[in-house]
Amino acid sequence: MPASKTQPPAPLTAAKPNAAHLIEAVKAIGGDLAHTIMVGDADTDAEARAAGTPLILVFFGYTEIPAVELAPDILLRHFDDLVDACATLLNGSIAAIGVGERVAISHPHLTR
């Protein structure tokens, strides 16, 4: 059950980059991993792929390993492309999500 407005969510049992961190965070807000995308800028973000979510990385991140070598599903060169990238990865399912529903986003691979 998601945390209420009066009760904060329980602390997560795992720290980033452990995939359990993402899984627990999505669960804590009542989200669905099937509608979750990991968006990040470093190799530690890419490790969250073990949660089974698509991965979007930004080209201009803070990692010593080039983002392209981390094999994201989409590599973004501009944040302006994030919505299109997410829609692509979710196969258009964003349109089916109602207003007010929570969607956790994280993933990279669109280029301009």
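None of the values given here were measured: they were computed from a predicted structure.

Before going further, it helps to spend a moment on the environment of isoleucine 74. For isoleucine 74, the position within the fold is in strand 3 (residues 74-76). The class of isoleucine 74 is buried, set by a relative accessible area of 4%.

This paragraph deals with helix 1 (residues 19-28). Where helix 1 is concerned, the buried positions are Ala19, Leu22 and Val26. Projected down its long axis, helix 1 shows its buried positions confined to an angular sector of 65°, all on one face. Looking at the buried positions of helix 1, the neighbouring elements they touch are strand 1 (38-40). Measuring from the backbone nitrogen of alanine 20 back to the side-chain oxygen at the start of helix 1 gives 2.7 Å, which picks out asparagine 18 as the cap. Following helix 1 by one or two positions, glycine 30 adopts a phi angle in the positive range, close to 80°.

So, about the pattern of salt bridges. Where charged atoms from two side chains of opposite charge come close, those side chains can pair. Tallied over the entire structure, the rule returns 1 salt bridge. Of the charged contacts in the structure, one is a salt bridge between arginine 49 and aspartate 73, with a shortest N-O distance of 2.8 Å. Separated by 24 residues along the polypeptide, arginine 49 in the loop between helix 2 (43-46) and strand 2 (55-58) and aspartate 73 in the loop between strand 2 and strand 3 bring together distant segments of the chain.

Quick look at the nonpolar core now. In terms of nonpolar packing, the biggest core is built from 12 residues, these being Ala19, Leu22, Val26, Met38, Ala46, Ala48, Ala51, Leu55, Leu57, Ala67, Leu70 and Leu75. Broken down by secondary-structure element, the contributors of at least two residues to this core are helix 1 and strand 2. If one sorts the elements of this core by residue count, helix 1 sits on top with 3 residues. The next biggest cluster of nonpolar side chains, apart from the first, holds 8 residues, and it includes Ile37, Ile74, Leu76 and Ala85.

This part is about the packing of aromatic side chains. Scanning the model with the defined rule gives 1 aromatic pair in all. Between phenylalanine 60 and phenylalanine 79, the ring centres sit 5.2 Å apart and the planes meet at 80°, which makes this aromatic pair edge-to-face. Taken together, the positions of phenylalanine 60 in the loop between strand 2 and strand 3 and phenylalanine 79 in the loop between strand 3 and helix 3 (82-89) put the pair 19 residues apart, joining distant regions of the chain. The ring of phenylalanine 59 has arginine 77 lying over it, and the distance from NZ or CZ to the ring centre is 4.2 Å.

What counts and how
Residues numbered from 1 in each chain as written. Predicted model: local features only at pLDDT ≥ 70, side-chain atom pairs only at ≥ 80, totals over all residues. Heavy atoms only, no water. Helix = DSSP H or I, 4+ residues; strand = E, 2+ residues; numbered from the N terminus. Buried < 20%, exposed > 50% of the residue type's maximum accessible area, 1.4 Å probe, protein only. Arc of directions from axis to C-beta. Contact = heavy atoms within 4.5 Å. Polar contact = N/O pair within 3.5 Å; in protein donor to acceptor, adjacent residues only side chain to side chain. Salt bridge = Lys/Arg side-chain N within 4 Å of Asp/Glu carboxyl O. Core = buried A, V, L, I, M, F, W, Y, C linked by side-chain atoms within 4.5 Å. Phe/Tyr/Trp six-rings, centres within 6.5 Å; stacked < 30°, edge-to-face > 60°. Lys NZ or Arg CZ within 6 Å of the ring centre and 35° of its normal.

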